[in-house]
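Each chain, letter by letter, is given below.
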Amino acid sequence: MKISNKMKNTTAIAHSNIALIKYWGKSNQKLNIPAVDSISITLKELSTKTTVRISENLEKDTLILNNRPAVEKQRLRISRFLDLIRHEKKFDFPLEIKSENNFPTAAGLASSASGFAALALAASKAAGLNLSSFELSELARKGSGSAARSIYGGFVHMHRGDEKSGMDAVADQLYDENYWDLRLLILVTSIKEKEIGSTEGMNLSAKTSPYYKNWIQSSIGDISEMKNAIVKKDFEKLGELSEFSCLKMHALAMSSNPGIIYWNENTIKIINKVRALRKSGLGVFFTIDAGPQVKVLCLPQDISKVKDEFKNIKGIKQTIHSAIGPSVYILGENT
Ligand code: 2P0
C-alpha cells in the first residue's frame, strides 16, 4: 500500500449498546463467535470517538485512551485487531489511535462495544477500505462480540451464525432509532474496573457452569419472543424478557466455578426498588451487564418520574439518561 506523506486523520463515532437478550459464551474463542444470538438497543448518550492515523514514523501501534497512554495489555489487544486490517490491505505501517469515551471505561457500560465499532470504521476507512455494514459488523466482532451490534443504531439482532469461519456471525438492524422511543436510566453504582472481564467470565461459565447447555438452548426462544415484542411494541413483554435474560445470564455467571458475582449491594437495592415501583403501577424494568451498574428501562412519558424515584438514593454515583442512538459514522477526515 502506498501511503502519502500527508497523513490523514480519520475520526469515527460509535455508540454503546445494551443487550436486552444477552450474549454470554463463545462457540469459537479465536474467531470470537458467540454461542448465542443477542438483541440490543443502541444508546444515544454513551459514545466513543476514535481517531486513527497511519504513520510511517512509528515503531509500533500507539493507543491513547481517554487522553492517557493505554496499558500494554489494551494496546496489544488493539494491535492484534489492527493486524486484521493490515493483513487485508497488505501494509505494515503502525497506526496511531486516540480514543475517548464519554462514560466510565470498563465499568460494565460496554466501552468495548462502542470502542471496537468506532475503531473498525475509523481504521478500515483510514486504510482505504470501504466496508459495508455487514463487513464492519464482522470485523468489529473480532474485537469484541458486543461491538458487532454497535455498528447499527436502533434495535439490533446479533446472529451467532452457522458458518465455521464466522462470516455470518454478524449483526443486523431490526429497526432504526426512530422506530420506538424507549428510555434508559443508567445508574452507576461503582466506577471501579471490574475484576473479571466479560471474555474471561463467559469462558469460565462455558467451561464450568452446569447450566451452560440450558442457557444456549433456552436463548433461542428468548430471541423470537423479544423480536415479537419489538414488532408489536409491547413494552411490558420487552421489559419482562429483558429482566429474565439478564437474571439468567447472571445466574450463569454465579453458577460458574469459582462463581462470578458482578453486583454490589447497591445493585441489589436498585433491583428491589425497580420491582417495588412496578408493583405500584410504574412501567419500569431493569437490565444489568457484566458489572454492577443497573439500567432501568421505561417509556418516555415516565422518565421524569423514574428519575425522581432514583434521585436521592445513596450509593448511586452517577445517573445517565439515554434514548436510543444511531449507527456508527465518520465524523471527519482531515490532513
Ligand atoms: C452482552 N456482554 O450481550 C453481554 C451481556 C456483557 C453482558 O457482550 O469477549 O466485551 O469481547 O466478545 O462483547 C460484553 O462482552 O465480550 C457482553 P467479548 P464483550 O452485551
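Just so it is clear, the model here is predicted, and its values are computed rather than measured. (Residues numbered from 1 in each chain as written. Predicted model: local features only at pLDDT ≥ 70, side-chain atom pairs only at ≥ 80, totals over all residues. Heavy atoms only, no water.)

## Examining the overall build of the protein
Part 1 of the argument: Looking only at helices and strands, the protein features eight helices and 14 strands.
Part 2 of the argument: Taken over the C-alpha trace, the protein has a radius of gyration of 20 Å; the compact-globule value for 335 residues is 20 Å, and the two agree within 12%.
Part 3 of the argument: Oriented by its inertia axes, the alpha-carbon framework of the protein measures out at about 65 × 40 × 40 Å.
Part 4 of the argument: Looking at the protein residue by residue over its 335 residues, the buried ones come to 55%.
Part 5 of the argument: Only carbon and sulfur atoms are counted for the fraction: they give 49% of the accessible area of the protein, which is about 15400 Å².
Part 6 of the argument: In the protein, 46 side chains carry a positive charge and 35 a negative one; their mean positions are 3 Å apart. (Helix = DSSP H or I, 4+ residues; strand = E, 2+ residues; numbered from the N terminus. Rg over C-alpha atoms; globule rule 2.2 N^0.38 Å. Buried < 20%, exposed > 50% of the residue type's maximum accessible area, 1.4 Å probe, protein only. Areas by Shrake-Rupley, 256 points an atom, 1.4 Å probe, with all protein chains shown as cover. Lys, Arg positive; Asp, Glu negative; His and termini not counted. Charge placed at Lys NZ, Arg CZ, Asp CG, Glu CD.)

## Concerning the sheet that holds strand β13 (residues 318–322)
Part 1 of the argument: Strand order across the open sheet formed by four strands is β11-β12-β10-β13, with antiparallel pairing between neighbours. Two strands bound the open sheet, and with one partner strand each, they are β11 (285–287) and β13. Taking the axes of each pair of neighbouring strands and ignoring which way they run, one obtains an average angle of 25° across the sheet.
Part 2 of the argument: Here five bridges tie strand β10 (residues 183–188) to β13, and the two strands are oriented antiparallel to one another. Directly across from Leu-185, in β13, lies its bridge partner His-321.
Part 3 of the argument: Sheet strands touched by helix α6 (residues 235–254): β11 and β12 (294–298). Its angle to β11, the strand with the most contacts, is close to 35°.
Part 4 of the argument: Along the sheet face, helix α7 (residues 265–279) touches β10, β11 and β12 and points at about 155° away from the line of β11. (Pairing = 2+ DSSP bridges. Axes fitted to C-alpha atoms, helices over the stretch in contact; angles between N-to-C directions. Contact = heavy atoms within 4.5 Å.)

## Considering the pairing of strand β5 (residues 62–65)
Part 1 of the argument: Burial of β5 is one-sided: the residues Leu-63 and Leu-65 facing one way are buried, the residues Thr-62 and Ile-64 facing the other way are not.
Part 2 of the argument: Across four bridges, the pairing between β5 and strand β7 (residues 95–101) is parallel. Pairing of Ile-64 across the sheet is with Lys-98, part of β7.
Part 3 of the argument: Judged from the two bridges that link them, β5 and strand β6 (residues 68–69) form a sheet pairing that is antiparallel. Bridging across to β6, Leu-65 finds its partner in Arg-68.
Part 4 of the argument: In this antiparallel pair of consecutive strands, β5 and β6, the connection spans two residues, and Asn-66 shows a positive phi of 50°.

## A word on the side chain of Lys-248
Part 1 of the argument: Examined against the element boundaries, Lys-248 turns out to sit in helix α6.
Part 2 of the argument: There is a polar contact of 2.8 Å between the side chain of Lys-248 and the side chain of Ser-218. (Polar contact = N/O pair within 3.5 Å; in protein donor to acceptor, adjacent residues only side chain to side chain.)

## Comments concerning the site of the ligand
Part 1 of the argument: Inspection of the region around the ligand gives 18 residues, with Lys-26, Gly-145, Ser-146, Arg-149 and Thr-199 positioned closest.
Part 2 of the argument: Residue Gly-145 places a main-chain N or O atom 2.6 Å away from an oxygen atom belonging to the ligand.
Part 3 of the argument: Ser-198 is positioned such that a nitrogen or oxygen atom in its side chain is 3.4 Å from an oxygen atom of the ligand.
Part 4 of the argument: Among the elements that take part in the shell around the ligand, helix α4 (residues 198–208) stands out by supplying three residues, more than any other. (Near = heavy atom within 4 Å.)

## Some words on α4
Part 1 of the argument: If you check which residues of α4 are buried, you get Gly-201, Met-202, Asn-203 and Ser-205.
Part 2 of the argument: Against β2 (26–28), α5 (212–232) and α6 lie the buried residues of α4.

## Remarks on the domain arrangement of the protein
Part 1 of the argument: Taken domain by domain, the protein consists of domain 1 (9–180) and domain 2 (183–322).
Part 2 of the argument: Domain 1 and domain 2 are separated by 23 Å when their C-alpha centres are compared.
Part 3 of the argument: Tallying the contact residues gives 34 residues for domain 1 and 52 residues for domain 2.
Part 4 of the argument: Summed over both partners, the interface of domain 1 with domain 2 buries about 3500 Å², with 71% contributed by carbon and sulfur atoms.
Part 5 of the argument: Three residues, Lys-22, Trp-24 and Trp-180, lead the burial of domain 1 against domain 2; their summed loss comes to 26% of the area buried on that side.
Part 6 of the argument: The tally of links from domain 1 across to domain 2 stands at one salt bridge.
Part 7 of the argument: The partner of Lys-22 in a salt bridge is Asp-289, and the shortest N-O contact between them spans 2.7 Å.
Part 8 of the argument: For the interface between domain 1 and domain 2, the tally reads twelve residue pairs in polar contact (both at pLDDT 80 or more).
Part 9 of the argument: Mapped by element, the contributors of at least two residues to the side of domain 1 that touches domain 2 are β1 (9–21), β4 (38–54), β8 (155–158) and β9 (171–175).
Part 10 of the argument: Among the elements that take part in the side of domain 1 that touches domain 2, β4 stands out by supplying seven residues, more than any other. (Domains from an automatic or database assignment. Buried area = accessible area lost by both parts, 1.4 Å probe. Salt bridge = Lys/Arg side-chain N within 4 Å of Asp/Glu carboxyl O.)

## Comments concerning unusual backbone geometry
Part 1 of the argument: Cis geometry marks the peptide bond from Asn-257 to Pro-258; its omega dihedral reads 0°.
Part 2 of the argument: With respect to the helices and strands, the residue Pro-258 is situated in the loop between α6 and α7.
Part 3 of the argument: In the Ramachandran plot, Asn-67 falls in the positive-phi region, its phi being about 70° despite a non-glycine side chain.
Part 4 of the argument: Checked against the element boundaries, Asn-67 lands in the loop between β5 and β6.

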